[in-house]
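# Fold and contact review
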Amino acid sequence: MPNPRGTPENLEPGKRKGDEPLTEQVNLRVTKTMKEEIQQQDDPPEFCREAIQEKLDRNKEK
């Protein structure tokens, strides 16, 4: 019978394609429509990180 808690590799924090490790969490409220559209993306967490980073970069340019 398989281990219900998964493998040790699953317990490690997520790795991002960028340089910095993903150590912090942010909670935010969105509309139901936004949530549904986000969940339809291939990689919803990475999609949100990229969208936030794009907006931060645009704000830096101003």
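Everything below is about the structure printed above this text.
Overview of the structure. (Residues numbered from 1 in each chain as written. Predicted model: local features only at pLDDT ≥ 70, side-chain atom pairs only at ≥ 80, totals over all residues. Heavy atoms only, no water.)

### Considerations on the overall build of the chain
Of the regular secondary structure elements, the chain holds two helices and zero strands. Relative to its full complement of 62 residues, the chain shows a buried share of 3%. Accessible surface for the chain amounts to roughly 6,600 Å². Of this, 50% is attributable to carbon and sulfur atoms. (Helix = DSSP H or I, 4+ residues; strand = E, 2+ residues; numbered from the N terminus. Buried < 20%, exposed > 50% of the residue type's maximum accessible area, 1.4 Å probe, protein only. Areas by Shrake-Rupley, 256 points an atom, 1.4 Å probe, with all protein chains shown as cover.)

### Section: a negative patch on the surface
The grouping of Asp42, Asp43, Glu50, Glu54, Asp57 and Glu61 at the surface amounts to a negative patch. Along the polypeptide, Asp57 turns up in helix α2 (residues 44-61). (Patch = residues over 30% accessible without salt bridge, like charges linked within 9 Å, V, L, I, M, F, W, Y side chains within 5 Å. Salt bridge = Lys/Arg side-chain N within 4 Å of Asp/Glu carboxyl O. Lys, Arg positive; Asp, Glu negative; His and termini not counted. Charge placed at Lys NZ, Arg CZ, Asp CG, Glu CD.)

### Notes on a nonpolar patch on the surface
A cluster of nonpolar residues, Val26, Leu28, Val30 and Met34, forms a patch on the protein surface that exposes about 390 Å² of accessible area. Inspection of the secondary structure puts Val30 in the segment before α1 (32-39).

So, to be careful, I would describe these as geometric facts and stop short of saying anything about function.
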